Amino acid sequence: QPHEHVSGLISNPTAFPIQPDDTLYLFETIGLLLGKTGLSVPDQRRYLTAVMTPHVQSINNVLQSPNLRRDPDEYGTILSSSVAALAYLSKGFTRQTPPEIQEVLFETVKICLAVLQSLPEHEAVRNKCMV
């Protein structure tokens, strides 16, 4: 499956190291490919979910970590990177996005709110939540 290769590339930086900004451009490109290439809605939803899931899991793991409050700088950086990736991924979808896709994208709003509530004073978190 193509989405497994992309997901592996994104979630395994040691296999193919890429710079953080390049990772964001990759997410933006994936969003454009999913949102603008005429894929069926079920395929869009499946691929979008597959690409988002590692970041959503990472965010949830960090938010549940007892170390979050002890080291907000390190964990804030991790959280802000994941939030940015989700934001860049969503750029490929327009306002006329089908409801099934809007539902998936709406989940990122809830996640971003949880991140912002966990570290409201962390500058990178605030900046990425406003993207």
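Notes on the structure in this doc start here. Given the structure is predicted, the values throughout are model-derived calculations rather than measurements. (Residues numbered from 1 in each chain as written. Predicted model: local features only at pLDDT ≥ 70, side-chain atom pairs only at ≥ 80, totals over all residues. Heavy atoms only, no water.)

## Section: the pattern of salt bridges
No. 1: If you walk through the whole model with that rule in mind, you get four salt bridges.
No. 2: Asp43 is the partner of Arg46 in a salt bridge, and the nearest nitrogen-oxygen pair spans 2.8 Å. Of this pair, Arg46 and Asp43 both sit in helix 3 (residues 41-64), separated by three residues, roughly a single helical turn.
No. 3: By relative accessible area, Arg46 is classed as partly exposed at 38%.
No. 4: Residue Asp43 is classed as partly exposed on the basis of its relative accessible area of 23%.
No. 5: Residue Arg45 pairs with Glu103 through a salt bridge whose shortest N-O separation is 3.2 Å. In this pair, Arg45 is assigned in helix 3 and Glu103 in helix 5 (residues 99-118), connecting sequence segments 58 residues apart.
No. 6: Using a relative accessible area of 30% as the deciding quantity, one classes Arg45 as partly exposed. (Salt bridge = Lys/Arg side-chain N within 4 Å of Asp/Glu carboxyl O. Helix = DSSP H or I, 4+ residues; strand = E, 2+ residues; numbered from the N terminus. Buried < 20%, exposed > 50% of the residue type's maximum accessible area, 1.4 Å probe, protein only.)

## Thoughts on the nonpolar core
Generally speaking, a soluble globular protein has its nonpolar side chains buried in company with each other.
No. 1: In terms of nonpolar packing, the biggest core is built from 29 residues, with Leu48, Ile59, Leu79 and Leu89 touching the most fellow members.
No. 2: For this core, the elements supplying multiple residues, two or more each, are helix 2 (20-36), helix 3, helix 4 (72-90) and helix 5.
No. 3: Considering every element that reaches this core, the biggest residue donor is helix 4, with eight residues.
No. 4: When near neighbours in sequence (up to four residues on either side) are disregarded, Ile59 contacts Leu79, Ser82, Val83, Leu86, Ile111 and Val115. (Core = buried A, V, L, I, M, F, W, Y, C linked by side-chain atoms within 4.5 Å. Contact = heavy atoms within 4.5 Å.)

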